Number of protein chains: 2
Amino acid sequence: MSDTSRIRNLALRSKIMSAEQAAALIPRGSNVGMSGFTGAGYPKEVPLALAERMNAAHARGETFRIGVWTGASTAPELDGALAKVDGMEMRLPYQSDPTCRKRINAGEMEYIDIHLSHVAQFVWGGFLGNLDVAIVEVAGIREDGMLIPSSSIGNNKTWLDRADRIILEVNSWQNLALEGMHDVYYGTQLPPNRKPIPIVGVADRIGDTFFRCDPQKIIAIVETDKPDRNSAFSPPDENSRLIAEHILEFLAHEVKMGRLPKGLLPLQSGVGNVANAVMEQLQHAPYDNLTAYTEVLQDGMFNLIRSGKMSFASATALSLSPDAAEEFNRDAARYHDKIVLRPQEISNHPEVIRRLGLIAMNGLIEADIYGNVNSTHIRGSSIMNGIGGSGDFARNAWLSIFMTPSSAKNGGISCIVPMVTHVDHTEHDVQVIVTEQGLADLRGLSPKKRAKVVIENCAHPVFKDALKEYSEMALKYSLGHHTPHILEEAFTFLPNWQANREAREAWKEDSVVQADAWK
Amino acid sequence: MSDTSRIRNLALRSKIMSAEQAAALIPRGSNVGMSGFTGAGYPKEVPLALAERMNAAHARGETFRIGVWTGASTAPELDGALAKVDGMEMRLPYQSDPTCRKRINAGEMEYIDIHLSHVAQFVWGGFLGNLDVAIVEVAGIREDGMLIPSSSIGNNKTWLDRADRIILEVNSWQNLALEGMHDVYYGTQLPPNRKPIPIVGVADRIGDTFFRCDPQKIIAIVETDKPDRNSAFSPPDENSRLIAEHILEFLAHEVKMGRLPKGLLPLQSGVGNVANAVMEQLQHAPYDNLTAYTEVLQDGMFNLIRSGKMSFASATALSLSPDAAEEFNRDAARYHDKIVLRPQEISNHPEVIRRLGLIAMNGLIEADIYGNVNSTHIRGSSIMNGIGGSGDFARNAWLSIFMTPSSAKNGGISCIVPMVTHVDHTEHDVQVIVTEQGLADLRGLSPKKRAKVVIENCAHPVFKDALKEYSEMALKYSLGHHTPHILEEAFTFLPNWQANREAREAWKEDSVVQADAWK
């Protein structure tokens, strides 16, 4: 049910209209900045109505496509719907929708994969062209016309500041108790006028609890009452639990060696099963008053806050399971002094990340024996999602940890490879690699020593011999011996070895069958 | 001639000894932090004496090697001498000595290539082990025992703070007028106690003009009188001039489009011929009061200061030609309010670089059509020098420009390739690529569009067709079409094409000879 009382500025009520009417105000070929970060706070009706309009246009033989800029990933009602009707000319800076991914990898739409901390700066700098329209979900509009943010902030401040025209979705499903939980920093500047960002602790508030917004730019307000995507929480699997165990053991060792304070340092954590497993195990770890400075607050971290193990979390989005969202909504006021949501240019700002000294934990697609990490591409050419904030955090953290199961596709593919097919994090930015097999601490190691410890500690037993074989072959035949490689085989050695292995095993089975037949 | 008057603290004069005596105090197996950055301010006698000692030990069949940590590259008297006697077990974070390079690539010594801004943090964090000895060149010692830095700062503050024992070289060749030109920031902390670094303009002074030093830790003082490496300045060649022209045209265009302020932004520039060409052309460009926030002040930039075109430069090292060094030494006091030298953790600090909004210009070894850059490796396995500060600057700059001649080895090798054989700067960090052929502005372009503009604008004509051919083949046969690649041929396509081309041309010549013979 929509709830007009959320639009407390009476003058703005005249802008209320249907999603269809609002969608009709978006010109074809526009660049549209949409709210939304990891399935939280994205507009839920206008993009659907726009997709309808595009579909009709395409049916008439006309082209109707737009450029879509967001915070990060959204949901089927946005990326999914627009991708289905082939309505996106270009998409940035991060997405995870399957239809969208399919179109990108089929070469049917453009995708620009940008560090999340760079987006606002690129837009302000005019590097990405004009921002024609913003479509931003909010939890409400104050009497003074200022906007109450919803469950994510992402790039909304930038969209509202920079767009020529603004369409708001006022979503009654979003808890009004969110009001006061945000910290929207208005001190950013273009060089040469930039000043230090005055955050020295994760809980520091440096901005407003609302978005400033020029009411003249608002062309439509659409009332909605729809839940965030809110994927169900799946409990950690065995591999995730093992990875988390290795990480906790490592952190304990770092504390013991005096390389981490007793209470650790603020945590940053990517999304997903492994991240949740780490948070779950922290419930029982000997650290109190944990803190987080991260992008997305998921169930694992939320549970740490509920239990009192974590005293404060800074993020740019609340991305909870339906159960956790219900719990949050029941008791939102309780979390006001435990959670702050910031613009992603601040949650991911190199300056703040470096200063706070984070423990950064991010996933990957494949890592190579020398410590280079591929976070984005399958076999070097197909995009999976995007780099997101992993580069902002990995480069600037105190400890940069990358984690992955050692194999994928039911053990058919090794996630540790001779050479990654795409590099998102270079050997200079990766300090620790963890799989369910173990942990490789690469700090202070030359490439050859890294290769040894990555293969020994992280590779899946099935692939260990093959990786050693490549490594030894490279040592023998490489042109240079700083980072030994056989370029001709770097990408094919492991798939070939695996194919041979499967052929050998098939042959062995055949032999057994034949031997049985001859008995 | 040595000059004991430079050691104004009388108590410390008791520590004066010969280089041989000082070298005898360095235990085998030590980690030794040495001063030195781009051939400026490195110790000039103790490493030579140490090399003698190592040589004698090796002749007796004993092993005598150490770990060497510096600011960046040094000189034949340090890296060269120690490498010649196989005296380095391990070297970090950047070097450019040919003997050293040969040993690394022969697999005879370890090398750890680290972002220059990370070194101090890694050492303070204990990630690289204990620092046993520091050998630091200074221009003098004050009455109060504080040290007057010489022509570079690099990591000296960190070495002096962290080393168990300290050996000083007091070099009378260094101009005493350097006193007051340095800004050594003592406000750094380990997390969670870090505060903003209070630099908001390139000329801001936030620290001391001297190094603090615990006199108890000083075990030796050696007096020297030797010049810095000071390579002769070679005037820009034709390619460098063309690259510089493209860059200046681009900057003018950015100003016109309102994406750069009229007076530009602070410049960062890597070292070498192209960098000097850019500075030379800025002499005649319509910008006044240029500023720089960079690592190394070379002749090109120094000339801008002399002529008054540049009002201020911040760096961590003065690396001048003999002629420019003479000019500087003649008139050093004049440059006191125009030049500041800072620790490299500050000159390269992500926080400050991002805040100041630099125009960063760095060289490369090869760039690929999708905008990934290799700054360090030949054919993926042999190290050239190291990443240096290029990552610190490229990731955090307002504009990140990479520049290179389009071909190397007399035109035999293309510097634009289908896929770089090593990645130091990812597609996410490279905004502009320039060769003598032209400039590719990659901002806001998807990978396929980047490939078009890089091939069209930057590739050498000889290789353009081959790169297009690879690109078209990849478009046809790639598994995914986001970043089209044929992994099996990504590294071999161009060398094979080139070999075929040479064979074809040889065949053509043969045909002519034969045809002549048949006339």
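Computed from a prediction, not measured in an experiment: that's the story for all the values here.

## Side note on the overall build of chain A
Working step 1: Counting its secondary structure elements, chain A contains 16 helices and 25 strands.
Working step 2: Compactness check: chain A gives a C-alpha radius of gyration of 25 Å against a globular reference of 24 Å for 519 residues, within 12% of the reference.
Working step 3: Here the C-alpha coordinates of chain A stretch approximately 85 × 60 × 55 Å along the principal axes.
Working step 4: For chain A, buried positions account for 64% of its 519 residues.
Working step 5: In chain A, the share of contacts with a sequence separation of at least 24, taken over all contacts with a separation of at least 6, comes to 73%.
Working step 6: Summing over all exposed atoms, chain A offers an accessible surface of approximately 17800 Å²; the carbon and sulfur share of this is 51%.

## Remarks on the sheet that holds strand 17 (residues 373–374) of chain A
Residues and elements named next belong to chain A.
Working step 1: Reading across from one edge, 17-16-23 is the order of the three strands in this open sheet, with mixed pairing throughout. Strand pairing shows two members of the sheet lacking a second neighbour, strand 17 and strand 23 (416–417), which therefore form its edges.
Working step 2: Judged from the two bridges that link them, strand 16 (residues 366–368) and strand 23 form a sheet pairing that is parallel. Looking at strand 23, one finds that Asp368 is bridged to Val417.

## Let's talk about the packing of helix 2 (residues 46–59) of chain B against helix 3 (residues 76–84) of chain B
Residue and element names in this part refer to chain B.
Working step 1: Put simply, helix 2 and helix 3 touch, their axes get as near as 8 Å, and they point 10 degrees apart. The orientation of helix 2 with respect to helix 3, classified from their angle, is roughly parallel. In contact with Pro47, Leu48, Leu50, Ala51 and Met54 of helix 2, helix 3 contributes Glu77, Leu78, Ala81 and Leu82.
Working step 2: Grouping the constituent residues of the contact of helix 2 with helix 3 by class yields eight nonpolar, no polar and one charged.

## Details of the confidence of the model for chain A
Working step 1: Overall, the predicted model of chain A reaches an average pLDDT of 96, with 98% of residues at or above 70.
Working step 2: Both scores are given for the predicted complex: the pTM is 0.97, the ipTM 0.96.

## Observations regarding the sheet that holds strand 16 (residues 366–368) of chain B
Working step 1: Strand order in the open sheet formed by three strands is 17-16-23 (chain B), and the pairing between neighbours is mixed. Bordering the open sheet on either side are strand 17 (373–374) and strand 23 (416–417) of chain B, each of which pairs with just one other strand.

## Here's the deal with the relation of the copies chain B and chain A
Working step 1: Overlaying chain B with chain A gives an RMSD of 0.0 Å, the required rotation being 180 degrees about an axis along which the chain moves by 0.0 Å. Taken together, the turn and the small shift mark the pair as related by a two-fold rotation axis. Of every C-alpha in chain B, the one belonging to Glu351(B) sits nearest the axis of rotation, 2.1 Å from it.
Working step 2: An overlap of 100% is found between the interface residues of chain B and their copies at the interface of chain A, pointing to a shared contact surface.

## Regarding the packing of aromatic side chains
Working step 1: If you walk through the whole model with that rule in mind, you get 17 aromatic pairs over all chains.
Working step 2: Their ring planes at 20 degrees and their centres at 5.8 Å tell us that Phe328(B) and Tyr335(B) sit as a pair that is stacked.
Working step 3: For Phe328(B), a relative accessible area of 4% gives the class buried.
Working step 4: Judged by centre distance (6.0 Å) and plane angle (50 degrees), the rings of Phe463(B) and Trp497(B) are tilted. Here Phe463(B) is found in helix 15 (residues 461–477), whereas its partner Trp497(B) is found in helix 16 (residues 493–518), with 34 residues between them in sequence.
Working step 5: Members of the aromatic cluster, each reached through a chain of ring pairs, are Phe122(A), Phe127(A) and Trp398(B).

## With respect to the nonpolar core
Working step 1: By size, the foremost hydrophobic cluster in this structure holds 160 residues, and its most contacted members are Leu168(A), Leu282(A), Phe328(A), Leu168(B), Leu282(B) and Phe328(B).
Working step 2: Residues within four places of Leu282(A) in sequence aside, it is in contact with Leu248(A), Leu264(A), Leu267(A), Tyr287(A), Leu290(A), Leu304(A) and Lys309(A).

## Digging into the interface of chain B and chain A
Working step 1: Opposite the 76 residues of chain B that make contact, chain A presents 77 residues.
Working step 2: A buried area of about 7000 Å², summed over both sides, lies between chain B and chain A, and 56% of it is on carbon and sulfur atoms.
Working step 3: At the boundary of chain B with chain A, the tally comes to two salt bridges.
Working step 4: Glu351(A) is paired through a salt bridge with Arg355(B); the nearest N and O atoms lie 3.1 Å apart.
Working step 5: Our count for the contact surface shared by chain B and chain A stands at 38 residue pairs in polar contact (both at pLDDT 80 or more).
Working step 6: For the side of chain B that touches chain A, the secondary structure elements donating two or more residues are helix 4 (98–105), strand 4 (110–111), helix 5 (119–124), helix 12 (350–356), strand 19 (382–383), helix 13 (390–396) and helix 14 (447–458) of chain B.
Working step 7: Sort the elements by how many residues they give to the side of chain B that touches chain A and helix 12 of chain B lands first, with five residues.

## Details of helix 15 (residues 461–477) of chain A
Working step 1: With 17 residues, helix 15 of chain A should cover 24 Å at 1.5 Å per step; its first-to-last C-alpha distance of 25 Å lies within 8% of that length.
Working step 2: Buried within helix 15 of chain A are the following residues: Phe463(A), Lys464(A), Ala466(A), Leu467(A), Tyr470(A), Ser471(A), Met473(A) and Ala474(A).

## A few points about the packing of helix 9 (residues 299–307) of chain A against helix 10 (residues 322–330) of chain A
When two helices pack together, their arrangement is given by the angle between the helix axes and by the axis-to-axis distance.
Residues and elements named next belong to chain A.
Working step 1: Interaxial distance between helix 9 and helix 10 falls to 10 Å at its minimum, and their mutual angle equals 35 degrees. Note that helix 9 runs across helix 10; the crossing there is left-handed. In this structure, helix 9 contributes Asp299, Phe302 and Arg306 to the contact, and helix 10 contributes Ala324, Glu327 and Phe328.

## A closer look at the pairing of strand 12 (residues 310–315) of chain B
Residues and elements named next belong to chain B.
Working step 1: In terms of burial, strand 12 is largely enclosed, as five of its six residues are buried.
Working step 2: In this structure, strand 12 lies alongside strand 14 (residues 339–341), joined through three bridges in parallel fashion. The residue of strand 14 that forms the bridge with Ala313 is Ile339.

## Looking at the side chain of Arg194(B)
Working step 1: Its place among the elements puts Arg194(B) in the loop between strand 7 (165–171) and strand 8 (218–224).
Working step 2: There is no salt bridge for the buried Arg194(B), and the closest opposite charge comes from Glu345(B), which lies 7.1 Å off by N-O distance.
Working step 3: Reaching out from Arg194(B), the side chain makes a polar contact with the side chain of Gln121(B) at a distance of 2.9 Å.
Working step 4: For Arg194(B), the contacting residues outside a window of four places in its chain are Val200(A), Arg354(A), Arg355(A), Gly357(A), Trp398(A), Gln121(B) and Gln189(B).

## Quick notes on the environment of Lys449(B)
Residues and elements named next belong to chain B.
Working step 1: By secondary structure assignment, the location of Lys449 is in helix 14.
Working step 2: In this structure Lys449 comes out as partly exposed when scored by relative accessible area, which is 40%.
Working step 3: Sequence separation between Lys449 and Ala292 is 157 residues; the distance between their C-alpha atoms is 32 Å.

## Here's the deal with unusual backbone geometry
Glycine aside, residues mostly have negative phi, and peptide bonds are mostly found in the trans state.
Working step 1: Residues Leu92(A) and Pro93(A) are joined by a peptide bond in cis, for which omega reads -5 degrees.
Working step 2: Note on placement: Pro93(A) falls in the loop between strand 3 (88–92) and helix 4 (98–105).
Working step 3: In this structure, the amide linkage connecting Pro191(B) to the following residue, Pro192(B), adopts the cis form with an omega of 15 degrees.
Working step 4: Take Pro192(B): it is sitting in the loop between strand 7 and strand 8.
Working step 5: For Leu264(A), which is not glycine, the phi torsion reads 60 degrees and is therefore positive.
Working step 6: Take Leu264(A): it is sitting in the loop between helix 7 (238–256) and strand 9 (267–269).
Working step 7: When its relative accessible area of 5% is taken as the criterion, Leu264(A) is described as buried.

## So, the side chain of Thr404(A)
Working step 1: Relative to the elements of secondary structure, Thr404(A) occurs in the loop between strand 20 (399–403) and strand 21 (407–408).
Working step 2: Apart from the residues within four sequence positions on either side, Thr404(A) is in contact with Ile243(A), Leu364(A), Cys415(A), Val434(A), Thr435(A) and Glu436(A).

## Description of the environment of Gly126(B)
Residues and elements named next belong to chain B.
Working step 1: Following the sequence through the fold, Gly126 ends up in the loop between helix 5 and strand 5 (133–141).
Working step 2: Among the residues examined, Gly126 registers a relative accessible area of 26% and is labelled partly exposed.
Working step 3: Separated by 194 residues in sequence, Gly126 and Leu320 place their C-alpha atoms 34 Å apart.

Calculation criteria
Residues numbered from 1 in each chain as written. Chains lettered and ligands numbered in written order. Predicted model: local features only at pLDDT ≥ 70, side-chain atom pairs only at ≥ 80, totals over all residues. Heavy atoms only, no water. Helix = DSSP H or I, 4+ residues; strand = E, 2+ residues; numbered from the N terminus. Rg over C-alpha atoms; globule rule 2.2 N^0.38 Å. Buried < 20%, exposed > 50% of the residue type's maximum accessible area, 1.4 Å probe, protein only. Contact = heavy atoms within 4.5 Å. Areas by Shrake-Rupley, 256 points an atom, 1.4 Å probe, with all protein chains shown as cover. Pairing = 2+ DSSP bridges. Axes fitted to C-alpha atoms, helices over the stretch in contact; angles between N-to-C directions. Parallel < 35°, antiparallel > 145°, perpendicular 65-115°, else oblique. Nonpolar A, V, L, I, M, F, W, Y, C, P; charged D, E, K, R; others polar. pLDDT = per-residue confidence, 0-100. Least-squares fit on C-alpha atoms with pLDDT ≥ 70 in both. Phe/Tyr/Trp six-rings, centres within 6.5 Å; stacked < 30°, edge-to-face > 60°. Core = buried A, V, L, I, M, F, W, Y, C linked by side-chain atoms within 4.5 Å. Buried area = accessible area lost by both parts, 1.4 Å probe. Salt bridge = Lys/Arg side-chain N within 4 Å of Asp/Glu carboxyl O. Polar contact = N/O pair within 3.5 Å; in protein donor to acceptor, adjacent residues only side chain to side chain. Expected span 1.5 Å × (residues − 1). Left-handed = near helix turned anticlockwise from the far one by under 90°. Lys, Arg positive; Asp, Glu negative; His and termini not counted.

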